[in-house]
Amino acid sequence: MFDSRHLLWLAPAAVLGALEVDLNSTDSIKNAAKEVAYDLMTYYHGNESGMIPGILPGPPPGGDYYWWQGGALWGTMIDYWHFTGDETYNDVTFDAMQFQVGKNRDYAPDNWTLSLGNDDQSFWGMSAMLAAEVNFRDPTGSDPSWLGLAQAVWTEQSTRYSSEDCGGGLRWQIFSTNKGYDYKNTIANGCFFNMGARLARYTQNATYAEWAEKTWDWIMSVKYIDDEWNVYDGGHVPYNCTDTNKQQYSYNAAILLSGAAYMYDYVSDILGDQREEKKATDRRIQQQTNKSKAWEDRITGLIDGMERVFFVNGTLYEPSCEAGVCSTDMLSFKGYVHRWLAVVTQIAPFTHDRVTALLRSSTEAAVKQCTGGANGRQCGFHWTTGVYDGVTGAGQQMNVLGALSSLLVPEAKAPVTNATGGTSVGDPNAGQNAPTLPEAAPVTQGDRAGAGILTALVLGTTIGGAMWMAFD
């Protein structure tokens, strides 16, 4: 098992100094990614005696990080292995992902149930889905499969989808005792949409696709995406989700773009089969062609919006907070954007040239500011300045690792399915035992992945741009 106390034995041979990388050299990118991964894993202590496997130090005030960010970390490390071939952290990743599955094998462990949001659960579920898509080491014996875990999360969430309020959608929080239960936000529904699209593509089960389309249509109907492809954060149930919080966060747009790309690939594969095998009438082929074109247009629109809102001269920027105060959650968004957009180029190839150019220019800016920390190469959050901002953390390292990994996509295999070499086996009974709230249990402060709406929840209004407000 990997042990962070022994990291010095794994440290890349490098003198103290800025992170150096030649973006024209695959080997140089991999070497830089190795250094960033090493620095990232110094923040993880879950494999040390007396610590909890799977999570980063926290939640506050015991540490900076909430439970969901552990799930995000392991997705980052799975991608790191997939893109570089470096197996150094595979054991600790595997152990962490399995430790946090919970008694119902649904990423709702008892320790976190009281404060669980749908998006929190989804970040772990999406990392399990990723493990299935890249053929990460399969669990054996009685351990749950990666696909089964993803199915469990999605199945449970499908039972929480309610058309009684706002005409559809998932609430941010799972239990009514949690602040945010009256909020239906983009990240919770975007994750559900994303997982549905990926499960449809992996399993060829049309039910998942139908749910993904239903969720997308609802997000559009409540105008969380407007005509200019701005992606907003959410709305409150008492207002029928019409009091739109117009804060924009990069991961909201990116999770939808990723899901749309998976839907495009799923629909296009069906269309290709129909044409090749002549299984369908001309009318059905035309219907499928129209679906493929619709997803293509949505992908293009979302890229248009993201490039306008979140990229400054080709460099990723978080406008909601970067000019002011960013939460620990927000400090990790850029890495997800890079990782998710990289896969978009594989499964929606018409985006390749445009998106790859953005990823490259953004990564170039990201690595330039990695001059901090005791080793002189740790990374800050502000990429547009080219100057280290003096604040290090796991999120900042995940961001740059995601950026470097995104440039290795051309040599990596696209996400597999059960028809193209996927080895993870599903579980038809997954998700049948949803978490329940123990009676008379104290309500604790939650792990909040839905970063955009805390200010709105506390004040009932949006304070423009800069301030992040946490619950007391």
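For the structure itself, look to the data block above.
Throughout what follows, the structure given in this document is the object of discussion. Owing to the predicted nature of the structure, the values given are computational and were not obtained by experimental measurement.

**Focus: the overall build of the protein chain**
Working step 1: Each helix and strand in the protein chain was counted, giving 14 helices and four strands.
Working step 2: Taken over 472 residues, the protein chain has a buried fraction of 60%.
Working step 3: Taking as baseline every contact in the protein chain between residues at least 6 positions apart, the subset at least 24 positions apart corresponds to 71%.
Working step 4: When the accessible surface of the protein chain is split by element, carbon and sulfur atoms take 49% of a total near 18300 Å².

**Observations concerning the nonpolar core**
Working step 1: Trp-74, Met-77, Tyr-107, Phe-123, Trp-146 and Val-400 are the most contacted members of the largest nonpolar core, which has 135 residues in total.
Working step 2: No other element matches the 13 residues that helix α9 (residues 250-277) contributes to this core.
Working step 3: Dropping the residues within four chain positions of it, Met-77 is found in contact with Ala-37, Leu-40, Met-41, Tyr-89, Thr-93 and Leu-401.

**Things to note about helix α2 (residues 67-84)**
Every α-helical turn comprises 3.6 residues, leaving residues that sit three or four positions apart pointing alike.
Working step 1: End to end, α2 covers 27 Å across 18 residues, agreeing with the expected 26 Å (1.5 Å per residue, within 8%).
Working step 2: Counting buried residues along α2, 18 of its 18 residues qualify, which places the element largely inside the surrounding structure.
Working step 3: Phi for Gly-85, located one or two positions after α2, is positive at around 80°.

**Points about unusual backbone geometry**
Working step 1: Pro-59 follows Gly-58 through a cis peptide bond whose omega is 5°.
Working step 2: Within the fold, Pro-59 resides in the loop between α1 (26-41) and α2.
Working step 3: With an omega of 5°, the peptide bond running from Pro-60 to Pro-61 counts as cis.
Working step 4: If you check the backbone angles, Arg-105 has positive phi at about 55° while not being a glycine.

**Focus on the packing of aromatic side chains**
Think of a pair of aromatic rings as described by two things: how far the centres are apart, and how the planes are tilted against each other in angle.
Working step 1: As enumerated under the stated definition, the model contains 28 aromatic pairs in all.
Working step 2: Arranged with centres 6.3 Å apart and planes meeting at 35°, the rings of Tyr-161 and Phe-192 form a pair that is tilted. Of this pair, Tyr-161 sits in the loop between α6 (146-160) and β1 (183-185) while Phe-192 sits in helix α7 (residues 186-203), and the two are 31 residues apart along the sequence. Like Tyr-161, the residue Phe-192 is buried in the burial classification.
Working step 3: Members of the aromatic cluster, joined through ring pairs, are Trp-68, Phe-123, Tyr-249, Tyr-251, Phe-333, Tyr-336 and Trp-340.
Working step 4: In this structure, Arg-137 packs its charged tip against the face of Phe-94, placed 4.9 Å from the ring centre.
Working step 5: Over the ring of Trp-211 we find Lys-214, and its NZ or CZ is 4.3 Å from the ring centre.

About the criteria used
Residues numbered from 1 in each chain as written. Predicted model: local features only at pLDDT ≥ 70, side-chain atom pairs only at ≥ 80, totals over all residues. Heavy atoms only, no water. Helix = DSSP H or I, 4+ residues; strand = E, 2+ residues; numbered from the N terminus. Buried < 20%, exposed > 50% of the residue type's maximum accessible area, 1.4 Å probe, protein only. Contact = heavy atoms within 4.5 Å. Areas by Shrake-Rupley, 256 points an atom, 1.4 Å probe, with all protein chains shown as cover. Core = buried A, V, L, I, M, F, W, Y, C linked by side-chain atoms within 4.5 Å. Expected span 1.5 Å × (residues − 1). Phe/Tyr/Trp six-rings, centres within 6.5 Å; stacked < 30°, edge-to-face > 60°. Lys NZ or Arg CZ within 6 Å of the ring centre and 35° of its normal.

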